[in-house]
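What the coordinates show
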Amino acid sequence: MTAELIHRLHFAFTVTFHYLFPQLTMGLGLLIVVLKTVALRRGNPAWDRAAHFWGRIFGINFVFGVVTGIPMEFEFGTNWAQFSRVSGGVIGQPLAMEGVFSFFLESAFLGLFLYGGSKLSKRMHWFSAVMVWLGSWISGFFIIVTDAWMQHPVAYNVVNGHYEVTSFWGLLLNPWALLQYMHNMTGAVVTGSFVVAAVGAFYLLEGRNQEFGKIFLKVGVVAGLIASIVIIFPTGDLHGKYVAKHQPVAMAAMEGLFHTEKGAPIVLIGQPNPETGRIDNPIVIGNVLSFLIYGTTGAEVQGLDQFPRDQWPGAQPLLYYAYHIMAGLGTWFLLLMFVSAFLLWRGKLYSARWVQWAVLLSFPLPYIANTAGWMTAELGRQPWLIYGLMRTSEGFSHMVSAGNGLFTLLGFMGLYALLGLLFTVLVYREISHGLGAATTTEPVHTAGM
Amino acid sequence: MGFIWFWLVAVMIVGYVVLDGFDLGVGVLHLFLPQNEAERQVSLRSIGPVWDGNEVWLLAGGGTLYFAFPLLYASAFSGFYLPLMIVLWLLIGRGISLELSNHLDIGVWHTLLDRLFGIASALLAIFYGAALANVIRGVPLQADGFFFLPLWTNWMPGANPGILDWYTVIGGLVALVALTLHGALWLTIKVSGELEARARRIVRPLWMVLAALTVVSLIATMAVRPQTLDNYYRYPVTFIVPVGVIASLVGILFFNRKAQPVRAFLSSSVYLFFMLAGACWGLYPTLLPATAGSGPDITLDRAISGPHTLAVGLAWWIFGMTLAVGYVVFVYSRFRGKADATEGGH
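The name given to chain B in an unreviewed UniProt entry is Cytochrome d ubiquinol oxidase subunit II, and the organism recorded there is Occallatibacter riparius. Quoted straight from UniProt, the Subcellular location (unreviewed entry) entry for chain B says "Cell membrane".

An unreviewed UniProt entry annotates chain A as Cytochrome ubiquinol oxidase subunit I originating from Occallatibacter riparius. Quoted verbatim from the Subcellular location (unreviewed entry) heading of the UniProt record, the comment on chain A is "Cell inner membrane".

Rendered as C-alpha cells:
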C-alpha cells in the first residue's frame, strides 16, 4: 500500500468511528430539550425522568465522542502536514472556533446538566440542557464549515503558496456549508429519533417500563417523521442540486452516469462498471435525474465522459454504492415513520407489535445512512483534497512513512474495536436497567458520570 | 501580531496545563493515595464534573496553534508522529477508563480500569514534560522545516537525538512531580477527612523532590541550549520569571502548612505558569529550534499566518475566550467546596 492510501485510510477510519457518537449527541441533544421543555411546562415528572435517562446515554456518547474526536484535530498535523502547512490559516480557523465557541460551552453545561440536578433550579437545569444542545450544534457547524471549504473553497487568497482568509463571513457563510449543515443536522436528528423510538419499542415489546416506552416511541416517531421528510426535501434536494452545479463530475459518478444525456434517467438498481462505462443489470426510470437536478425532464446532464479520466473520483463504484445506500435508506425512513406516525395518530401504535419490531430493528440504519452520506461527500471530492486546488496526493505527511502510518492505523483499529465493545456493553446496561428505580437520584455506588 | 499570537498560544497552553494538570495529578495519586473504595470514589468525584472541560483547553489551544502557526503545527505534529499517536491512545484510554470505572462495578474490571486511569495519567504527565523538553532542546530540521523523530534513542542530546534523552527525561520527571503535587493540592481543597490529611502530608515530600528537580532542570536547560538566557540578559527585568518560580514554590509550602489549601493550589498554578512562561521567553522568537548542524530554526516570522487571518482571528478569539472563561468560572463556582461523596450523579 502506498503512503497516500494509508494516510487516507487512517483519517477515514478514525473519522468514521468518531462520527458514530456526535451524530447521536446532536440529535439526542434536541430531543432532550423537547423532553425537558414538556416536563417544565406540564410539570410532568415522567418526562423529566425520561430526559434524565437520555442524559445518561448522552453523557456516555459525549465522552466517547470527545476522546475519539481529539485524534481528528491531531491528524491534520500528523498525517496531513503538507495540506495543513498551506491551508492551516484558513481551515485552522473554524477548527479553533469549534474549540473556543462550542467545546467550552458544551462541556461546562454538560457538567452542570449531569452533575448539577440537585444544585440547580428547574429552569436552570432546563437552560443547561438547551446550552448542551446548542453547543453540540455549533460544534457541528464549524466542522461542516471546515469540510465545506475543502469541498468548495471560497473567500481565500494565495500568498506565498499559502491560502489566507479574505473574508471571515465569506468563510462561515459558504453556501456549500449552509446546505451541507442543514442536511447533516437533519441526519443527526434522524439518528437521535430512531434511537429514542427504538428504545421505546424495545420497552413496549419487552412489556416493561410501559409508560416510558410510550413517551419514547411518541417523541421518536414524531421527530423521526419530521426529520425524514426534511432530509429528503428540501435539504437533500437542494444539496444535490448544488453538488450537480459545482461538482458535476462527482454527481455523474454518484449517479453512475457514464455518458452525457438529455433526459437522463435515474438508476434505481444496477452495478456500475467503470471498465465498460455502463451500468450492469440496471433498473432505471427515464428523465428523472434531469428533472431532479434541473427541474425539467429534457435537460442535459453531464456524464463522466465529459471529464478527463484523471479527474474522476478514484473509487467510483464505492461512491455510487454509498450514495445509493444513503438515498435508499432515506426512502425507508420516510416510509417507516409515515406508517408509525399514522398508527400513532389513530391510537394503534402502542399495540402494533410488527411496527414496533420494525422500529426497533431499524435503529442501526440511520448510522449506516449518515456514514454512507459522509462517504458520498468525501469520495465525490476525490481526487482533490481541496477541490480544484490541491490534490490528495500532494497533501499527506511526506515525513511519515507508510510503515509508521500502518502501525498506528492498526493500533487505532485495535483500540477502537475494544472501545466499540465497551460502548455497546455500557449503553445496553443503561437501557436494560436505566428506568428501574423510582427516584430521580439513583443510589450511588459510583461517582460521577 | 506575531508577538501577540505567540503569547496567546502560550496562555492557552498554560490554561491547559494548570487545569488538566490537576486532574492528571489526581489520576496519578489515585494509584496509591486512597486506601479504600469510598476514598477512590471521592477523589474521582473531585474531578468528575470538570475533567473533560479541562481537556477542551488542549483542543482549543491546538486549534489556535494550527491556524496562527500552520508551519509549526504541520512540522511538529508530523515530526513527533509516533509519540503523539501514543499520547492520543493514552488520552483515549484515560478518558474512557475514568468514564467506565464509574459505570462498571464489576470487580476485577473495575480495578483494572481504575489502575489504567492512574497509569495513563502518569504517562501523559511524563510525555508532556518530555515534549516540552524536546521543543526546548531542538530537533533535526530539514531545509523545508520538516523532520521526523523516531522512538528509539541513545539517550544523548546531540545533533540527531531521539525523543528521549537524559535532558527530556528530566523534563518528564519535572512534569510528573509538578502535576502530582498540583493534584495533591487540589485534593486538599476538594476532599475531607483522612484522605485530605494524607493529601496534605504528601505535599512536603513531593515539594522537596520538585524543588530539587526544578534546579536540575534549569541547569540542564542552560547546558543543552545556552542561548536560552539571551532574552533574559537583553531584558533583565524578565529575571522576574525565575524569582516568580522560587516565590511560588515557597508559597506552596507556606500555605499548605498554614492549611490554606486554595492559596497553596494557586501558588502551584503560578509555579506552572512561570515555568512555562520562562521556557517560552527563553525560546522567543524561535518556535522550534534546530539541533546543531541541521537546517534553520522555525521562527515566528517563518511560521505565522497572514495578517488578515490573524486580525480576524484576534477579534473572535477575544470574544470567544471571554465567554469561555465565563463558563469555566461559572462551573467551578457551582461545584465549589468539598466534593460530595453521597450525592448522585446524573
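Counting secondary structure elements, chain A contains 13 helices and eight strands. Relative to the compact-globule value of 22 Å for 449 residues, chain A shows a C-alpha radius of gyration of 23 Å, a close match. Seen through its principal axes, chain A has C-alpha atoms that stretch 65 × 50 × 40 Å. Taken over 449 residues, chain A has a buried fraction of 61%. If you take every contact in chain A between residues at least 6 apart in sequence, the share linking residues at least 24 apart comes to 76%. Looking at chain A as shown, the accessible area adds up to about 17,200 Å², and 67% of this sits on carbon and sulfur atoms. Side-chain charges in chain A split into 24 positive and 22 negative, and the spacing between the mean points of these groups amounts to 15 Å.

Within chain B, the secondary structure is distributed over 13 helices and two strands. At 20 Å, chain B has a C-alpha radius of gyration in line with the 20 Å of a compact globule built from 346 residues. Once the C-alpha set of chain B is aligned to its principal axes, its extents read approximately 60 × 40 × 40 Å. The burial tally for chain B puts 64% of its 346 residues in the buried class. Here the analysis covers contacts within chain B between residues at least 6 apart in sequence; of these, 78% occur between residues at least 24 apart. For chain B, the accessible area works out to roughly 12,900 Å², and carbon and sulfur atoms hold 74% of it. The average position of the 19 basic charges and that of the 18 acidic charges among the side chains of chain B differ by 10 Å.

What follows covers the packing of helix H6 (residues 107–137) of chain B against helix H7 (residues 166–190) of chain B. Packed helices, taken two at a time, are described by the angle between their axes plus the distance between the axes. Residue and element names in this part refer to chain B. At a closest axis distance of 7 Å, the pairing of H6 and H7 adopts a crossing angle of 135°. Taken together, the axes of H6 and H7 lie oblique to each other. Taken as a pair, H6 and H7 cross one another with a handedness that is right-handed. In this structure, H6 contributes Ala122, Ala125, Ile126, Gly129, Ala130, Ala133, Asn134, Ile136 and Arg137 to the contact, and H7 contributes Tyr167, Thr168, Gly171, Gly172, Ala175, Leu176 and Leu179.

Let us now look at the interface of chain A and chain B. The partner chain B presents 69 residues to the 78 residues of chain A that form the contact. Across the contact surface, chain A and chain B share zero salt bridges. The interface formed by chain A and chain B includes 13 residue pairs in polar contact (both at pLDDT 80 or more). Sorting the residues of the side of chain A that touches chain B by element identifies helix H2 (45–78), helix H3 (81–115), strand S2 (162–165) and helix H13 (402–433) of chain A as the ones contributing at least two each. For the side of chain A that touches chain B, the leading source of residues is H3 of chain A, giving 26 residues. Taken together, the residues of the side of chain A that touches chain B break down into 41 nonpolar, 29 polar and eight charged.

Turning our attention to the packing of helix H1 (residues 3–42) of chain A against helix H4 (residues 122–151) of chain A. All names here are of chain A. Interaxial distance between H1 and H4 falls to 9 Å at its minimum, and their mutual angle equals 160°. One element, H1, and the other, H4, form an angle in the roughly antiparallel class. Crossing handedness for the pair H1 and H4: left-handed. For the pair H1 and H4, the contacting residues are Thr25, Met26, Gly29, Leu30, Ile32, Val33, Lys36, Thr37 and Leu40 in the first and Lys122, Arg123, His125, Trp126, Ala129, Val130, Trp133, Ser136, Trp137 and Gly140 in the second.

Residue and element names in this part refer to chain B. Scanning the entire structure with this criterion turns up 18 salt bridges over all chains. Salt-bridge contacts for Arg94 lead to Asp23; the nearest nitrogen and oxygen are separated by 2.7 Å. Taken together, the residues Arg94 in helix H5 (residues 81–103) and Asp23 in helix H1 (residues 2–29) connect sequence positions 71 residues apart. Since its relative accessible area comes to 0%, Asp23 is described here as buried. One salt bridge in this structure joins Asp114 and Arg40, with 3.8 Å as the shortest N-O distance. Note that Asp114 is positioned in helix H6 and Arg40 in helix H2 (residues 37–45), a separation of 74 residues in sequence. Judged by its relative accessible area of 3%, Asp114 is buried. Through salt bridges with shared partners, one network takes in Glu39, Glu194, Arg198 and Arg201.

Okay, the side chain of Gln23 of chain A next. All names here are of chain A. Mapped onto the fold, Gln23 is located in helix H1. Only 2.8 Å separates the side chain of Gln23 from the side chain of Thr191, close enough to count as a polar contact. Ignoring anything within four residues of it in the chain, the contact list for Gln23 reads Ala188, Thr191, Pro366, Tyr367 and Asn370.

A few words now on unusual backbone geometry. Between Phe233 of chain A and the following residue, Pro234 of chain A, the backbone shows a cis peptide bond with an omega angle of 10°. Mapping Pro234 of chain A onto the fold places it in helix H7 (residues 210–246). At the junction of Tyr284 of chain B and Pro285 of chain B, the peptide bond is cis and its omega measures out at 0° in the coordinates. Following the sequence through the fold, Pro285 of chain B ends up in the loop between helix H11 (261–283) and strand S1 (286–288). Despite not being glycine, Ala259 of chain B shows a phi value in the positive range, around 55°. Take Ala259 of chain B: it is sitting in the loop between helix H10 (240–257) and H11.

A few words on helix H8 (residues 248–255) of chain A. Residue and element names in this part refer to chain A. A large share of H8 lies buried, amounting to eight of its eight residues. Looking only at H8, the buried set comprises Pro248, Val249, Ala250, Met251, Ala252, Ala253, Met254 and Glu255. The elements touched by buried residues of H8 are H7, strand S4 (266–273), helix H9 (288–294), helix H10 (316–345) and helix H12 (365–381).

So, about the UniProt feature "transmembrane region" (unreviewed entry) in chain B. All names here are of chain B. Per the UniProt record, "transmembrane region" (unreviewed entry) is annotated on residues 6–33, 80–100, 112–136, 166–185, 206–224, 236–255, 262–284 and 314–332. Between the end C-alpha atoms of residues 6–33 there is a gap of 38 Å, over a span that is 86% helix and 0% strand. Secondary structure content for residues 262–284 is 96% helix and 0% strand, while the C-alpha to C-alpha distance between its ends is 32 Å.

Relative to strand S5 (residues 278–285) of chain A, S4 of chain A is paired through six bridges, and the arrangement is antiparallel. Within the sheet, the bridge partner assigned to Val267 of chain A lies in S5 of chain A and is Val284 of chain A.

To continue, consider helix H4 (residues 70–79) of chain B. For an α-helix, 3.6 residues make a turn, and residues three or four places apart therefore share a direction. Counting buried positions along H4 of chain B gives 10 out of 10 residues, so the element sits mostly inside the fold. The set of residues buried in H4 of chain B consists of Pro70, Leu71, Leu72, Tyr73, Ala74, Ser75, Ala76, Phe77, Ser78 and Gly79 of chain B.

Our focus in this paragraph is the environment of Phe58 of chain A. By secondary structure assignment, the location of Phe58 of chain A is in helix H2. Spatially, the C-alpha atoms of Phe58 of chain A and Phe17 of chain A are 17 Å apart, while their sequence positions differ by 41 residues.

Residue and element names in this part refer to chain A. Tallied over the full model, the rule gives 63 aromatic pairs over all chains. The interplanar angle of 65° and the centroid separation of 5.3 Å between the aromatic rings of Trp54 and Phe216 together place this pair among those described as edge-to-face. With Trp54 in helix H2 and Phe216 in helix H7, this residue pair connects regions lying 162 residues apart in the sequence. Each member of the pair, Trp54 as well as Phe216, is classed as buried. Between the aromatic rings of Phe168 and Trp169, the centroid separation amounts to 5.1 Å while the plane-to-plane angle is 70°, which identifies the pairing as edge-to-face.

Parameters at a glance
Residues numbered from 1 in each chain as written. Chains lettered and ligands numbered in written order. Predicted model: local features only at pLDDT ≥ 70, side-chain atom pairs only at ≥ 80, totals over all residues. Heavy atoms only, no water. UniProt positions renumbered as here; feature names shortened; annotations may be inferred. Helix = DSSP H or I, 4+ residues; strand = E, 2+ residues; numbered from the N terminus. Rg over C-alpha atoms; globule rule 2.2 N^0.38 Å. Buried < 20%, exposed > 50% of the residue type's maximum accessible area, 1.4 Å probe, protein only. Contact = heavy atoms within 4.5 Å. Areas by Shrake-Rupley, 256 points an atom, 1.4 Å probe, with all protein chains shown as cover. Lys, Arg positive; Asp, Glu negative; His and termini not counted. Charge placed at Lys NZ, Arg CZ, Asp CG, Glu CD. Axes fitted to C-alpha atoms, helices over the stretch in contact; angles between N-to-C directions. Parallel < 35°, antiparallel > 145°, perpendicular 65-115°, else oblique. Left-handed = near helix turned anticlockwise from the far one by under 90°. Salt bridge = Lys/Arg side-chain N within 4 Å of Asp/Glu carboxyl O. Polar contact = N/O pair within 3.5 Å; in protein donor to acceptor, adjacent residues only side chain to side chain. Nonpolar A, V, L, I, M, F, W, Y, C, P; charged D, E, K, R; others polar. Pairing = 2+ DSSP bridges. Phe/Tyr/Trp six-rings, centres within 6.5 Å; stacked < 30°, edge-to-face > 60°.

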